[in-house]
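One-letter residues, chain by chain:
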Amino acid sequence: MGQDTAEPVTGTYPDELRLALLTAAEAREAVELLRLLERLDPGGRGPAAGQLAADLARRLPAP
């Protein structure tokens, strides 16, 4: 096999600031909604929603 001679990928990036995917307030609301789903659907997707809520909550900064 020959040596890879592909040029590296380069690009330009805009200088303006980008918004976060979620604000902290939006993330906290999502956690609350996931916890609600956990309570409303204990036999279906509720446990997975609860686990995701717990994982996300651990990543959030303290209010």
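In the block above lies the structure referred to throughout.
What this report covers is the structure whose coordinates are included nearby. (Residues numbered from 1 in each chain as written. Predicted model: local features only at pLDDT ≥ 70, side-chain atom pairs only at ≥ 80, totals over all residues. Heavy atoms only, no water.)

### Notes on the overall build of the protein
For clarity, the cut-off: Only DSSP runs of H or I reaching four residues or more are called helices, and only runs of E reaching two or more are called strands; each is numbered from the N terminus. For the radius of gyration, the atom set is restricted to C-alpha positions; the globular benchmark scales as 2.2 Å times the number of residues to the power 0.38. Partly exposed residues are those whose accessible area sits between 20% and 50% of the maximum for their type, while under 20% is buried and over 50% is exposed, using a 1.4 Å probe and protein chains only. Accessible areas in this description were obtained via Shrake-Rupley with a 1.4 Å probe; residue shielding takes into account the shown protein chains only. We score Asp and Glu as negative and Lys and Arg as positive, and we do not count His or the chain ends. For the purpose of locating charges, the reference atoms are NZ of Lys, CZ of Arg, CG of Asp and CD of Glu.
The helix and strand inventory of the protein stands at two helices and zero strands. Scaling as 2.2 N^0.38, a compact globule of 63 residues should have a C-alpha radius of gyration of about 11 Å, whereas the protein reaches 20 Å, well beyond that. Dimensions along the principal axes, computed over C-alpha positions, put the protein at roughly 55 × 40 × 15 Å. Within the span of the protein, comprising 63 residues, buried residues form 11% of the whole. Of the roughly 5900 Å² of accessible surface on the protein, 58% is carried by carbon and sulfur atoms. Averaged over its 7 positive side-chain charges, the protein has a centre that lies 11 Å from the centre of its 10 negative ones.

### A word on the pattern of salt bridges
Selection criterion: In what follows, salt bridge is the name for a side-chain nitrogen of Lys or Arg lying within 4 Å of a carboxyl oxygen of Asp or Glu.
A complete count under the given rule lists one salt bridge for this structure. In this structure, the salt-bridge partner of Asp55 is Arg58, at a minimum N-O distance of 2.4 Å. Here the residue Asp55 and the residue Arg58 both occupy positions in helix 2 (residues 46-59), the gap between them amounting to three residues, near one helical turn. Among the residues examined, Asp55 registers a relative accessible area of 27% and is labelled partly exposed. For Arg58, a relative accessible area of 61% corresponds to the exposed category.

### Observations concerning helix 2
Operational definition: Under the convention used throughout, the expected extent of a helix is 1.5 Å for every residue step, that is, one less than its residue count. Here the arc refers to the set of directions running from the helix axis out to each C-beta atom.
The end-to-end C-alpha separation of helix 2 is 20 Å, in line with the 20 Å expected for 14 residues at 1.5 Å each. Every buried residue belonging to helix 2 is among Gly46, Ala49, Gly50 and Ala53, and all of these are buried. Taken around the axis of helix 2, the buried residues stretch over an arc of 100 degrees, which confines them to a single face. Set apart from the buried face of helix 2 by more than 90 degrees, the exposed residues are Ala48, Arg58 and Arg59.

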